[in-house]
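Chain by chain, the residues:
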Amino acid sequence: MRVLILGGDGYLGWPTALRFSARGHEVTVVDNFVRRRWVEGVGSDSLTPIRTLEERIEAWHANPAGNEIRSFIGSVEDGEFLDGVVAEARPEVVVHYGQQASAPYSMASREQAVETQHGNVIGNLNLLFSIRDHVPECHLVKLGTMGEYGQPNIEIEEGYIEIEHKGRRDTLPYPKLPASLYHCSKVHDSTNIHFACRTWGLRATDLNQGVVYGIETEETAGDERLITRFDYDEVFGTVLNRFCLQAVIGHPLTVYGSGGQTRGFLNIRDTLQCVELAALNPAEAGEFRVFNQFTEQFSVIELARLVKQAGEHLGYSVEIRHYDNPRVEKEEHYYNAVHTKLLDLGLRPTLLGEELVESMIHAIERHKERAIESSIDPRTRWAPGTPVHL
């Protein structure tokens, strides 16, 4: 199978490329390395010392499992460039990670909000036209987000909901309550992809992913040259990754508000499983599928307590500290999201527990001297004047 991965230098994109390559697929990756520049711009860096994409690919080709990976350097916002890549690679599957994926980054300023929405929405539109014009039978596997739904006071279905209104019934896209201007961009993407499927007969799977945690995958473990990036700062680090790093370096765990915010979570290895399952079981022509991609639900305070327990078992002194919440969000709410479609396709979840947290802590220990502590405390505010006491 010919697989094109947009954002192939990233936290998820690089291990996804290795997984498909290790299984004998013909892999092409695209990136413009803007994630590296964004992280540097907020005063942080990957905790793991990631190599250049060229060095990573060279190291992978030296691996016994390493089939060839081709790379193109450029931006999905450049429609002519993307057309050229799609026309040359002729993908049967496109995995689209190539977007600005940080809610705090999108909320930090007008410029960053515009950059996020322009890059994400225009890049996604360019991709839809490239697929339509060059490989209309191709299956688009798009990384969405559970943040599109918000926290409604009813069950969150997988993409669609059957409703009755004034005596009539229909199945319609599930209502969206995006949690940031980044999440708004993902809602726009979903709308545009759904339109392209209905109108042009494209086939797509929208993977509404929960919060990802973890460092190593089957293909990256054991060779530092192949390791993926690991962000821990307040802008790009996801919550469990942040907490584990904080425990190792002796920084208080940064719980925003009460910590009652509940979300869906999954291990990075399960992300790779989910993307592979979607790719191997494509949507039909004209079909826009939505899978809720997570394995378990936790509140922020539950995660903090789990990290504290695991850290103290390893001899660390771990403090949980509550910070005034810089975000505008519900801290106590109902949350129950359906997530059966990937399980039906054969997903075998990696469940979170103390042992898994301890393995993450051990992996972090190898690079703890690279942590930039000044990038950890919350500073990005959702609303002007929101107090943040450090």
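Residues numbered from 1 in each chain as written. Predicted model: local features only at pLDDT ≥ 70, side-chain atom pairs only at ≥ 80, totals over all residues. Heavy atoms only, no water.

**A look at the overall build of the chain**
- Check the secondary structure of the chain and you find 12 helices and 14 strands.
- A compact globule built from 390 residues would reach a C-alpha radius of gyration of about 21 Å, and the chain, at 20 Å, matches this within 12%.
- Overall size of the chain, expressed as C-alpha extent along the three principal axes, is 65 × 55 × 40 Å.
- Going through the 390 residues of the chain one by one, you find that 56% of them count as buried.
- When contacts within the chain are restricted to residue pairs at least 6 apart in sequence, long-range pairs at least 24 apart make up 81% of them.
- Per element, the accessible surface of the chain, about 16000 Å² overall, is 50% carbon and sulfur.
- For the chain, the distance from the average position of its 38 positive side-chain charges to the average position of its 56 negative side-chain charges is 3 Å. (Helix = DSSP H or I, 4+ residues; strand = E, 2+ residues; numbered from the N terminus. Rg over C-alpha atoms; globule rule 2.2 N^0.38 Å. Buried < 20%, exposed > 50% of the residue type's maximum accessible area, 1.4 Å probe, protein only. Contact = heavy atoms within 4.5 Å. Areas by Shrake-Rupley, 256 points an atom, 1.4 Å probe, with all protein chains shown as cover. Lys, Arg positive; Asp, Glu negative; His and termini not counted. Charge placed at Lys NZ, Arg CZ, Asp CG, Glu CD.)

**Some words on helix H9 (residues 268–280)**
- For H9, which comprises 13 residues, the first-to-last C-alpha distance of 19 Å matches the rise-based estimate of 18 Å (1.5 Å per residue) to within 8%.
- The buried fraction of H9 amounts to 11 of the 13 residues, a majority that puts the element mostly inside the structure.
- If you check which residues of H9 are buried, you get Ile 268, Asp 270, Thr 271, Leu 272, Gln 273, Cys 274, Val 275, Glu 276, Leu 277, Ala 278 and Ala 279.
- One side-chain oxygen of the residue at the start of H9 lies 2.8 Å from the amide nitrogen of Arg 269, identifying that residue as Asn 267. (Expected span 1.5 Å × (residues − 1). Polar contact = N/O pair within 3.5 Å; in protein donor to acceptor, adjacent residues only side chain to side chain.)

**Details of the packing of aromatic side chains**
- Here the structure, examined in full by the defined rule, presents 6 aromatic pairs.
- Plain terms: the ring middles of Trp 38 and Tyr 105 are 5.5 Å apart, the flat faces sit at 45° to each other, and that makes the pair tilted. In this pair, Trp 38 is assigned in helix H2 (residues 34–41) and Tyr 105 in helix H5 (residues 103–107), connecting sequence segments 67 residues apart. The pair Trp 38 / Tyr 105 is uniform in exposure class, with both members buried. (Phe/Tyr/Trp six-rings, centres within 6.5 Å; stacked < 30°, edge-to-face > 60°.)

**Details of the sheet that holds strand E5 (residues 139–145)**
- Taking strand neighbours across the sheet as the criterion, the 7 strands line up as E3-E2-E1-E4-E5-E8-E12 in an open arrangement whose pairing is parallel. At either end of the open sheet lies a strand with only one pairing partner, and these are strand E3 (69–73) and strand E12 (288–293). Ignoring which end each strand starts from, the neighbouring axes of this sheet average 20° apart.
- The sheet contacts of helix H4 (residues 79–89) involve strand E1 (2–6), strand E2 (26–31) and E3, and relative to E3 the element is tilted by about 165°. (Pairing = 2+ DSSP bridges. Axes fitted to C-alpha atoms, helices over the stretch in contact; angles between N-to-C directions.)

**Overview of the sheet that holds strand E9 (residues 211–213)**
- Overall, mixed pairing links the 3 strands, which are arranged E9-E11-E13 in an open sheet. Each edge of the open sheet carries a strand with a single partner, namely E9 and strand E13 (296–299). Averaged over all pairs of adjacent strands, the angle between strand axes in this sheet comes to 45°, irrespective of strand direction.
- Two elements, E9 and strand E11 (residues 262–267), share 3 bridges in a ladder whose sense is parallel. Paired with Val 212 across the bridge in E11 is Leu 266.
- Packed onto the sheet, H9 meets E9 and E11 and runs at close to 80° relative to E11.
- Across the sheet, helix H10 (residues 300–313) lies against E11 and E13, angled at about 90° from E13, the strand it touches most.

**Some thoughts on the packing of helix H1 (residues 13–22) against helix H3 (residues 53–61)**
- Where H1 contacts H3, the axes come no closer than 12 Å and their chain directions differ by 25°. Classified by the angle between their axes, H1 and H3 sit roughly parallel to one another. Helix-helix and strand crossings are classified by hand; for H1 and H3 the assignment is right-handed. The residues of H3 that touch H1, namely those facing Trp 14, Leu 18, Ser 21 and Ala 22, are Leu 53, Arg 56, Ile 57 and Trp 60. (Parallel < 35°, antiparallel > 145°, perpendicular 65-115°, else oblique. Left-handed = near helix turned anticlockwise from the far one by under 90°.)

**Here's the deal with the pattern of salt bridges**
- Within the structure shown, the criterion is met by 23 salt bridges.
- Note that Asp 9 is salt-bridged to Arg 56, the shortest N-O span being 2.9 Å. Of the two residues, Asp 9 sits in the loop between E1 and H1 while Arg 56 sits in helix H3, which places them 47 residues apart along the sequence. The burial state of Asp 9 is the same as that of Arg 56; both residues are buried.
- A salt bridge links Glu 276 to Arg 19; the shortest N-O distance between them is 2.8 Å. Taken as a pair, Glu 276 in helix H9 and Arg 19 in helix H1 lie far apart in primary sequence, 257 residues in all. As far as burial versus exposure is concerned, Glu 276 and Arg 19 are alike and both buried. (Salt bridge = Lys/Arg side-chain N within 4 Å of Asp/Glu carboxyl O.)

**A look at helix H12 (residues 354–365)**
- The end-to-end C-alpha separation of H12 is 16 Å, in line with the 16 Å expected for 12 residues at 1.5 Å each.
- Its buried side turned inward, H12 meets E9, helix H8 (239–249) and H10.

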